[in-house]
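Descriptive analysis of the structure
Next come the chains, spelled out residue by residue.
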Amino acid sequence: MQLKRWVRFVALTLSGLTLNCASTTREGPVPASTLPLRIQHQGFSASRPPSDDWFLNRHEQDEKTLVYRRVEPDKDRSSFIQVALQAFPRIPQSNEDFDLLVREAVTGPSQSDGTEVLSVEMEPRALQGQYCVRYRVKSVNRGSRTESAQTLYLHDEGMICQHPAGLGSILFALYSVRETSPDPDAQLQREAEDFLRGLVLDVAPGVPAPSDAEVDQARPTSLPQVSDPRRVPSCAELVGFWQLMPLDDPSVNEVEPWPLPYQWFGILPDGYFVSMMTNEPGSFSAEQLEHIIAPVKGRSPTYRCRKHFLIVSYPFADLNEMWAMSRFKRRAGLFKPAPFEEGEVVLRLMNRDASRTVYRRRLRRVPDGR
């Protein structure tokens, strides 16, 4: 779901046109208590809500979106929680610019159905080292009436955070109440706030970003030093941008599927594996590569890790590549006279039964340049 569609969704909420929480699919609603304690989505994970007043409809979920609705005894009230990995229409250039994009997103386009935004509150927060904005929007819809002819108030509260995936990626978390009271229900607020506190940003599929306490101690993407040649890099340590470096003896590769000499790769926190290959040399920072690959990211292969293997999947071709993550050590004849340097890794493409290496990539981490 693109951000414009999300903003339109928020606008529909403000106009009182959201689906009634009694809506179901052919499968019926799924009570919260029947779900796992945590649900993993692309770029984030979330605890289930605290009571069976909350449920989900499977047709409203996808890999980047989680929606819970609440059973409401009051027919004039509907409420839901939604969390989604989204992207701003442009990459914010500062925290102030981020604040501006948040305000535009949560207030939505101008309304023509009698909805009036009464108040907007915003304050900066941090989640796992990422800049966030906590917001609260209160509106009244004077053009929509309940069966009892009462005015509808709309309460939208949530948090928008920068996501470690970069490229303008954000985590958009919202709980929304449509009711006749000018003040939201206190019990609903407590339950929704508990849910928001359970959100976790992931830097790779199933790998949480560092906690706030860890952010100042070490970068989650730092690689092992050359002085520790025994350890294989973890999946989280591979996240970032990489440049292909030449092998001393290219003939060690049995195949050459990618003959262009200059190649860059992005192993992104939200599970995408992107690449750029050219005949022309170039010098790029990680920030520049983020902008270059942004238009093609959604059509790129995805990856996952299994033990010491990086598995790259091409859904459009029904193809999987299995890359072994090599240790940080020299091999005679392979890299001489160009041994590993700090921040380098070798990925080895395995044959179909993973019994033999058929191709090697020597990669050097691209500096941030921010």
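Every value quoted in this text rests on a predicted model; they were computed, and no experiment measured them.

Across all of its chains, the model carries 16 salt bridges by this definition. Across the pair E60 and R69 runs a salt bridge whose closest N-O atoms are separated by 2.8 Å. Comparing E60 with R69 shows no difference in burial state: the two are buried. As a salt-bridge pair, E157 and R134 come within 3.8 Å of each other at their nearest N and O atoms. Here the residue E157 occupies a position in strand β9 (residues 151-162), and R134 occupies one in strand β8 (residues 130-145), the gap between them amounting to 23 residues.

With that settled, consider the state of the cysteines. Counted according to the given criterion, the structure contains 1 disulfide. Disulfide partner of C132: C161, at an S-S distance of 2.1 Å. Residues C132 and C161 share a disulfide whose torsion about the S-S bond is about 110°; that sign makes it right-handed. Here C132 is found in strand β8, whereas its partner C161 is found in strand β9, with 29 residues between them in sequence. C132 gets classed as buried once you look at its relative accessible area, which sits at 0%.

If you walk across this open sheet you meet the 8 strands as β15-β14-β13-β20-β19-β18-β17-β16, and the pairing is antiparallel. Every other strand in the sheet has two partners, leaving β15 (273-278) and β16 (302-306) as the edge strands with one partner each. Sheet twist, expressed as the mean angle between neighbouring strand axes with direction ignored, is 30°. Strand direction decides the pairing type here: strand β18 (residues 319-325) and strand β19 (residues 344-350), joined by 3 bridges, are antiparallel. Counterpart to A324 in the pairing with β19 is R348. Against the sheet, helix α6 (residues 286-293) contacts β13 (240-245), β14 (262-267) and β15, and its axis sits at roughly 95° relative to β13.

On to the confidence of the model for the protein chain, then. When the pLDDT values of the protein chain are averaged, the result is 76; 74% of them are 70 or greater. Counting contacts from residues 1-26, a segment whose pLDDT is below 50, to residues more than four positions away or on other chains yields 65 contacts. Within the model, pLDDT remains below 50 along residues 214-230, and this stretch shows 32 contacts once partners closer than five positions in the same chain are excluded.

Here the focus is the pairing of strand β10 (residues 169-179). The buried count for β10 comes to 11 of 11 residues, which makes it a mostly enclosed element. Burial along β10 is two-sided: the residues S169, L171, A173, Y175, V177 and E179 and I170, F172, L174, S176 and R178 are all buried. Two strands pair when backbone bridges link them, and strand β6 (residues 78-87) and β10 are joined in this way by 10 bridges, in the antiparallel orientation. Bridged to I81 within β10 is Y175. The pairing of β9 with β10 spans 10 bridges and is classified as antiparallel. Counterpart to E157 in the pairing with β10 is Y175.

Taken as a whole and judged by the stated rule, the model has 9 aromatic pairs. Chaining the aromatic ring pairs together yields one cluster made of F88, F98 and Y131.

One finds L66, Y68, I81, V83, F195 and L199 to be the most contacted residues of the largest nonpolar core, which totals 26 residues. Those elements that provide at least two residues to this core are β3 (44-47), β4 (54-56), β5 (65-70), β6, β9, β10 and α3 (186-197). Beyond its immediate chain neighbours, meaning those up to four positions away, Y68 contacts L35, I39, R48, P49, W54, F55, L56, F80, I81 and F195. If you look at the next biggest cluster of nonpolar residues, it comprises 21 residues, including L347, V358, Y359 and L363.

Reading guide: rules and limits
- Residues numbered from 1 in each chain as written.
- Predicted model: local features only at pLDDT ≥ 70, side-chain atom pairs only at ≥ 80, totals over all residues.
- Heavy atoms only, no water.
- Salt bridge = Lys/Arg side-chain N within 4 Å of Asp/Glu carboxyl O.
- Buried < 20%, exposed > 50% of the residue type's maximum accessible area, 1.4 Å probe, protein only.
- Helix = DSSP H or I, 4+ residues; strand = E, 2+ residues; numbered from the N terminus.
- Disulfide = S-S within 2.5 Å.
- Pairing = 2+ DSSP bridges.
- Axes fitted to C-alpha atoms, helices over the stretch in contact; angles between N-to-C directions.
- Contact = heavy atoms within 4.5 Å.
- pLDDT = per-residue confidence, 0-100.
- Phe/Tyr/Trp six-rings, centres within 6.5 Å; stacked < 30°, edge-to-face > 60°.
- Core = buried A, V, L, I, M, F, W, Y, C linked by side-chain atoms within 4.5 Å.

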